Amino acid sequence: MTEYLTRLNPEQRAAVEAVDGPLLVLAGAGTGKTRVLTTRFAHILMTRRAFPNQVLAVTFTNKAAKEMRERVSSILGQSAEGLWLGTFHALCARMLRRNAELVGLSSNFTILDTDDQMRLLKQIMAAANIDTKRWTPQVLMGAIQRWKDRGLTPDRVTDAEDIDFANGRARTLYAVYQDRLKQLNATDFGDLLLHVTEILRNNPDVLANYHRMFRYILVDEYQDTNTVQYLWLRLLAQRPDPAERNICCVGDDDQSIYSWRGAEIENILRFEKDFPGATIVRLEANYRSTRPILGAASHLIANNAGRMGKTLRPGRNDAEGDKVRVVSLWDSEEEARMVGERIEALRRDGHRLTEMAILVRAGFQTRAFEERLITLGVPYRVVGGQKFYERVEIRDAMAYLRVLNQPADDLAFERIVNTPKRGLGDTGIRAMHDLARREGKPLVVAAWRMIETGALRPKPRQALHELLEGFARWRAALPHEGHVVTVATLLDESGYTDMWKQDKSPEAAGRLENLKELLRALGEFESLAGFLEHVALVMENDENPDADRVGLMTLHAAKGLEFDTVFLPGWEEGLFPHQRALDEGGDKGLEEERRLAYVGITRGRQRVIISHAANRRIYANWSSAVPSRFLDELPEEHIQRDGGASAHRNKMASMPSAFSGQFPLVARKPRVAEAGAWEVAARPSRSATMPVGQRVFHQKFGYGRVVAAEDNKLDVEFEQAGRKRVIDSFLEKA
DNA sequence: ACCGGCCAGATTTTT
DNA sequence: TCTGGCCGGT
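Remember, it's a predicted structure, so these values are computed and weren't measured experimentally.

To continue, consider the overall build of chain A. Assigned secondary structure in chain A consists of 28 helices and 23 strands. The buried share of chain A, reckoned over its 734 residues, is 53%. Residue pairs in contact within chain A that sit at least 24 positions apart in sequence constitute 74% of those at least 6 positions apart. Surface accessibility of chain A: about 33,100 Å² in total, with carbon and sulfur atoms responsible for 48%.

Here it is, written out as structure tokens:
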């Protein structure tokens, strides 16, 4: 029965078996954190300490939640449905739906996306006559988010926490924003946590109920919790009997990389004070990486102050391996070439592409690698980037669904009222707004009123009337026709699909495809409301993860993942550590960048290849770059430094001393130098192998036809992606 | 209501 | 260099 325990090492086992009382598990990278968490969950159930619904298990990502769910159910040998297992946001949404009325919402409230939040805030600022040039909505949005991250409702924001905005009106605007959300029966992301925390604070009976319910609490990635999340956890964990405060937090202070999103590394550093008598278990045996990789990572992170302290040691007998390579290159193009070559070489040796990843500091860096991989014909996958549910057509369709689900959803209604065009412009919508505000009614009600009173010209009036009647009809059809059929009808009858059918742009076909995909996804849910909730909280759709592709992503996106081979390009001052992190965060910022570097290195199992380029194009012009200080913080014994491809040795020799391989002589400048003196040889122009009219294929843009050619640059009209200018070598004849 | 031109801004973004 | 947001003209 306790067979699952024998698969653990002593420290892991200690973490699993210390079930009673508060426990902090400091889990270094690759030390079996997830295994401990899931085994502990299962252990609690197997030893009958609690029923499945009496355990609260919290993660940050949907992915982590899914993984935990799968692993728990595999240990238990049964499905893990109905558990309180999920992301902070998903769990809070669930709690809030149970008690929405306590914060003035009804349980079918809408969760707004950032787009909606922004529009709402702009409206509020416009109504308050604020000069949005001088005081941007982005800044206010940021402040509101930070306040919410810290558990501050408008009345709790003190002078010290106020920002300089619109002559001290930020707090008032925040209050107005919250009122509007309430009127709209909507919340933003931050509200999910904020409202629930507020409910738990103000309603002892509700809190007591949860105290009775949740006998055990498990928290993943504790180092990333922000203040509201911390407050929420603490409220739930502080059960009346101190002996029953069974909260287990797992985390790694060295992997805290989200302070800019409100994460408080203090939460983990302070755990023992918050929960007196807490046990602390350190997981330090790393089963993932080779000795040199661990040595490099440990040596680097040792430069940070204020750590909980923890040393990774190889947990495998076969931990010997290649040294971590540091490659110096001439420019970012050569860097991309080097990475491409190594990927090809590994591939020839039988390594799978899914076991390789290129981890960059900033999104724009992916482009150079994408282009290179396309020329080489190496399949890749960009993790992150634009998400399915962020596309216009999906957002529009979702807005229709939201209105169907909740007529009072003004933001959604406003989005679709003139999409497709119904002849309602700014003026019409403003009139509708004014009327709605005067009467304190939702926009839909105002819209009906305007039709009745004849305040509109005949054309918009008729179109609007049709739309509103449509909604009444679709809503009536919903119960007996089912949500999938009803939504399909809605998209047709509202004219939305027609709008794209008549659109001659090359993207239109793809958009219609996406709408079909949306319907398919909708079919997987039992109800419209369930689907809307899912989309609001999840926002992802993973396409065939089986395909063998190189991963291309930011360091942030790579957290929690691991690969045999990891490329870490762009280790240059100003880029990594990023200049802005240094400017805004000072030493704290630098330390977080260093943790990011630590996260990057520890993603690798067998091979880590770090690189930096002496020249990098930033926007328009080339500028020279100083190697990152992190390169100097790597231990020589585990590092092998080398130049780029041999073909470039000559160039290397003529480089300034900043680039002589060890670069100790150059004083480091705080900023990337603006020099840009070196000309880079132009790519040799090819003969016109792709004549105008040639049908071509591009890995990223798909099929298209060449419409113009100039040297090796071709203008191609792509069927899906539209007209693009591309280099001929990125194309294949089709 | 819609289109084209001009200007600022261009890290990271689990939900 | 490329993009998105805003303004002014049709």
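Below, the discussion takes up the packing of helix H6 (residues 137-149) against helix H7 (residues 170-183). Between H6 and H7, the shortest axis-to-axis distance is 11 Å and the interhelical angle comes to 75 degrees. Considering the angle they form, H6 stands roughly perpendicular to H7. Counted together, Leu-140, Met-141, Ile-144, Trp-147 and Lys-148 of H6 and Ala-170, Arg-171, Leu-173, Tyr-174, Tyr-177, Gln-178 and Leu-181 of H7 form the full contact between these two elements. For the contact of H6 with H7, a count of residues per class yields 9 nonpolar, 1 polar and 2 charged.

This part covers the protein's contact with DNA strand B. Neighbouring residues of DNA strand B: 28 residues in total, closest Arg-361, Gly-363, Lys-421, Gly-425 and Thr-554. Taking the atoms of DNA strand B that fall within 4 Å of the protein, sugar and phosphate contribute 53% of them. A distance of 2.5 Å separates a base oxygen of DNA strand B from a polar side-chain atom of Arg-361. Thr-554 is positioned such that a nitrogen or oxygen atom in its side chain is 2.4 Å from a phosphate oxygen of DNA strand B.

A few words now on the pairing of strand S6 (residues 216-219). Burial along S6 is two-sided: Tyr-216 and Leu-218 and Ile-217 and Val-219, pointing in opposite directions, are all buried. Pairing geometry for strand S2 (residues 55-59) and S6, over 4 bridges, is parallel. Bridging from a neighbouring strand, Val-55 pairs with Tyr-216 of S6. Relative to strand S7 (residues 247-251), S6 runs parallel, the two sharing 3 bridges. Looking at S7, one finds that Ile-217 is bridged to Ile-247. The β-α-β motif built from S6, the intervening helix H10 (residues 227-237) and the parallel element S7 has right-handed crossover chirality.

Once that is clear, we can look at the packing of aromatic side chains. Describing an aromatic ring pair means giving the distance of the ring centres and the angle of the ring planes. For the structure on display, the rule yields 19 aromatic pairs. Their ring planes at 80 degrees and their centres at 5.3 Å tell us that Trp-84 and Phe-214 sit as a pair that is edge-to-face. Separated by 130 residues along the polypeptide, Trp-84 in strand S3 (residues 84-87) and Phe-214 in the loop between helix H9 (204-213) and S6 bring together distant segments of the chain. A residue is classified by how much of its surface remains accessible, and Trp-84, at 3% relative accessible area, is buried. Judged by centre distance (5.4 Å) and plane angle (25 degrees), the ring pair of Trp-147 and Tyr-174 falls under stacked. Separated by 27 residues along the polypeptide, Trp-147 in helix H6 and Tyr-174 in helix H7 bring together distant segments of the chain.

Following the sequence through the fold, Asp-224 ends up in the loop between S6 and H10. Residue classification places Asp-224 among the buried residues on the basis of a relative accessible area of 7%. Not counting the four nearest positions on each side in its chain, Asp-224 is found in contact with Phe-60, Gln-229, Gln-255, Ser-256, Ile-257, Tyr-258, Ala-263 and Lys-559.

All right, on to the sheet that holds S6 then. Strands sit in the order S3-S2-S6-S7-S1-S8 across an open sheet of 6 strands; the sheet is parallel. Both outer strands of the open sheet, S3 and strand S8 (279-283), are each paired with one neighbouring strand and no more. Across the sheet, the axes of successive neighbouring strands diverge by a mean angle of 10 degrees, strand direction being ignored. Sitting on the sheet, helix H4 (residues 88-99) is in contact with S2, S3 and S6, with an inclination near 120 degrees to S3.

Judged by nonpolar contacts, the single largest core of 72 residues is most densely connected at Trp-232 and Leu-236. If one sorts the elements of this core by residue count, H10 sits on top with 8 residues. Two domains each provide a minimum of three residues to this core, namely domain 1 (3-96 + 194-283) and domain 2 (110-184). Not counting residues within four places of it along the chain, the set of residues in contact with Leu-236 comprises Leu-56, Met-95, Leu-200, Leu-207, Tyr-210, His-211, Phe-214 and Ile-217. In this structure, Leu-401, Phe-413, Leu-435 and Leu-518 belong to the second largest nonpolar core, which totals 46 residues.

The next subject is the environment of Asp-116. Assignment of secondary structure puts Asp-116 in helix H5 (residues 114-127). C-alpha of Asp-116 to C-alpha of Arg-603: the two residues are 487 residues apart in sequence and 36 Å apart in space. Not counting the four nearest positions on each side in its chain, Asp-116 is found in contact with Arg-402 and Leu-411. Here Arg-402 takes part through its side chain, which lies 2.8 Å from a polar atom of the side chain of Asp-116.

Take the state of the cysteines next. Taken as a whole, this structure holds 0 disulfides when the rule is applied. With no disulfide of its own, Cys-92 lies 15 Å from the sulfur of Cys-249, the closest cysteine sulfur. Cys-249 sits in the buried class, given a relative accessible area of 0%.

For the structure on display, the rule yields 51 salt bridges. Ionic pairing is found between Lys-559 and Glu-221, a salt bridge with its closest N-O pair at 3.6 Å. Here Lys-559, found in the loop between helix H25 (555-558) and strand S15 (563-568), pairs with Glu-221, found in the loop between S6 and H10; they are 338 residues apart in sequence, far enough to count as distant. The salt bridge involving Glu-573 is made with Arg-629; its shortest N-O contact spans 2.7 Å.

The next subject is H5. One turn of an α-helix holds 3.6 residues; hence residues three or four places apart share an orientation. In a regular helix each residue adds 1.5 Å, so 14 residues correspond to 20 Å; H5 covers 20 Å between its end C-alpha atoms and thus fits that length. Those residues of H5 that sit buried are Asp-116, Gln-117, Met-118, Leu-120, Leu-121, Ile-124 and Met-125. Capping of H5 at its N-terminal end is provided by Asp-113; its side-chain oxygen lies 3.1 Å from the backbone amide nitrogen of Asp-115. Asn-129 lies just past H5 and shows a positive phi near 55 degrees.

For helix H14 (residues 332-348), with 17 residues, the first-to-last C-alpha span of 24 Å sits near the 24 Å given by 1.5 Å per residue. Listed as buried for H14 are Ser-332, Glu-334, Glu-335, Ala-336, Met-338, Val-339, Gly-340, Ile-343 and Leu-346. One or two residues past the end of H14 sits Gly-350, with phi positive at roughly 95 degrees.

Rules used in this analysis
Residues numbered from 1 in each chain as written. Chains lettered and ligands numbered in written order. Predicted model: local features only at pLDDT ≥ 70, side-chain atom pairs only at ≥ 80, totals over all residues. Heavy atoms only, no water. Helix = DSSP H or I, 4+ residues; strand = E, 2+ residues; numbered from the N terminus. Buried < 20%, exposed > 50% of the residue type's maximum accessible area, 1.4 Å probe, protein only. Contact = heavy atoms within 4.5 Å. Areas by Shrake-Rupley, 256 points an atom, 1.4 Å probe, with all protein chains shown as cover. Axes fitted to C-alpha atoms, helices over the stretch in contact; angles between N-to-C directions. Parallel < 35°, antiparallel > 145°, perpendicular 65-115°, else oblique. Nonpolar A, V, L, I, M, F, W, Y, C, P; charged D, E, K, R; others polar. Near = heavy atom within 4 Å. Polar contact = N/O pair within 3.5 Å; in protein donor to acceptor, adjacent residues only side chain to side chain. Pairing = 2+ DSSP bridges. Right-handed = clockwise from strand over helix to strand, strands pointing away. Phe/Tyr/Trp six-rings, centres within 6.5 Å; stacked < 30°, edge-to-face > 60°. Core = buried A, V, L, I, M, F, W, Y, C linked by side-chain atoms within 4.5 Å. Domains from an automatic or database assignment. Disulfide = S-S within 2.5 Å. Salt bridge = Lys/Arg side-chain N within 4 Å of Asp/Glu carboxyl O. Expected span 1.5 Å × (residues − 1).

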